[in-house]
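# Examination of the molecular architecture
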Amino acid sequence: MKVLVINGPNLNLLGEREPEVYGEDSLQSINDSLLFHAKDLNCEISFFQNNSEGRIIDELHDARLKYDGVILNAGAYTHYSYAIRDAIAAINIPVIEVHLSNINNRDEFRKTSVIAPVCAGSIAGFGKRSYELALRAMSYLVGEKP
Ligand code: DQA
C-alpha cells in the first residue's frame, strides 16, 4: 500500500503555532512517528506540505497515478475550498480527511467541512494520533490489513 500524506496551510508551523490547540510536536516529528507506524502496516508513505491551494490540487491530481490513497489535512481550506473538494471528487483513490483538533467544538466556521462529503471518511480531535488513526483506516480501506 502506498499512501501520500498532504498537509495544507500553516501546518508547517506545528509545534510553535497555537500549541494549546495543535500540540507541541513539529510536523517533522509527526511524520517520523507515522513512518514508524507505516512500517508496521507494511505501507510505503510519502509526505507533502504546502500553503497554496493550487499546489495541493496539483499534488492530489498526481497522487491518483502513484498512490493507493491520500491522507489530507487541508487546514483552513477544509472550510471553504470548493476547488480542493472538486479535486478530491475527480480522483479515483480514497482520501481520508484529518484534523488534529476537533473542528466541531471550536469556531462556528470550522464546523463546516466542504471536503467531507467527497472523502472516504474523516478523523478529527485526536491530536497527532489523528494521522495514525487515518493510516490504520486507510490500511483497512485498501485492504492490506483488515
Ligand atoms: C486543522 C483545523 C482547521 O480548522 C485549521 O484551520 C487548521 C488545522 C486541524 O488540524 O485541526 O489549520 O485542520
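Our subject is the structure that appears above.
Sequence positions are assigned chain by chain, starting from 1 and proceeding in written order. Reporting of local features is limited, given that this is a predicted model, to residues whose pLDDT is at least 70; pairs of side-chain atoms are given and counted only at 80 or more, and all residues count toward the totals for whole chains, interfaces and linings. As a rule here, side-chain values cover all heavy atoms of the structure and leave hydrogens and water aside.

## Details of the state of the cysteines
Counting rule for disulfides: a pair of cysteine sulfur atoms within 2.5 Å. Inspection of every chain in the model, using the stated rule, returns 0 disulfides. There is no disulfide at cysteine 119, and the cysteine sulfur nearest it, in cysteine 43, is 18 Å away.

## Structural notes on the site of the ligand
The criterion for a residue being near a molecule or strand is simple. One of its heavy atoms has to lie within 4 Å of it. Near the ligand you find Arg17, Tyr22, Asn73, Gly75, Ala76, His79, His99, Leu100, Ser101, Ile103, Arg106 and Arg110, and these make up its full shell. The term polar contact refers here to a pair of N or O atoms within 3.5 Å; inside protein, the definition further demands a hydrogen-donor-capable atom paired with an acceptor-capable atom, and it admits residues adjacent in sequence only when both atoms are side-chain atoms. Separating an oxygen atom of the ligand from a backbone N or O atom of leucine 100 is a distance of 2.8 Å. Measuring from an oxygen atom of the ligand, one finds a side-chain N or O atom of serine 101 at 2.6 Å. For every accessible area listed, the method is Shrake-Rupley and the probe measures 1.4 Å; residues are considered covered only by the protein chains on display. In isolation the ligand exposes 320 Å². Once the protein is present, 99% of that is buried. In this structure, the ligand is accommodated by the largest pocket. Looking at the shell around the ligand, its residues break down into 4 nonpolar, 5 polar and 3 charged. Here a cavity is any set of points on a 1 Å grid over the protein atoms alone where a 1.4 Å probe fits but cannot get out, and a pocket is any open set with protein on both sides within 12 Å along at least 5 of 7 lines; a residue lines the site when it has an atom within 4 Å of a point. Molecules are considered to sit inside a cavity or pocket once more than half of their atoms lie within 2 Å of its grid points. Amino acid classes used here: Ala, Val, Leu, Ile, Met, Phe, Trp, Tyr, Cys and Pro are nonpolar; Asp, Glu, Lys and Arg are charged; the rest, including Gly, are polar.

## Section: the pattern of salt bridges
Here, a salt bridge means any side-chain nitrogen of Lys or Arg that lies within 4 Å of a carboxyl oxygen of Asp or Glu. Scanning all chains against the criterion turns up 7 salt bridges. A salt bridge links aspartate 25 to lysine 128; its shortest N-O distance comes to 3.5 Å. Of this pair, aspartate 25 sits in the loop between α1 (19-22) and α2 (27-40) while lysine 128 sits in the loop between β5 (121-124) and α5 (129-142), and the two are 103 residues apart along the sequence. Each residue is assigned to one of three classes by its accessible area relative to the maximum for its type, calculated with a 1.4 Å probe on protein chains only: buried under 20%, partly exposed between the two thresholds, exposed over 50%. Lysine 128 sits in the partly exposed class, given a relative accessible area of 39%. Per the convention used, a helix needs a DSSP run of H or I reaching at least four residues, while a strand needs a run of E reaching at least two, with both numbered from the N terminus.

Function cannot be read off these values alone, since they describe shape.
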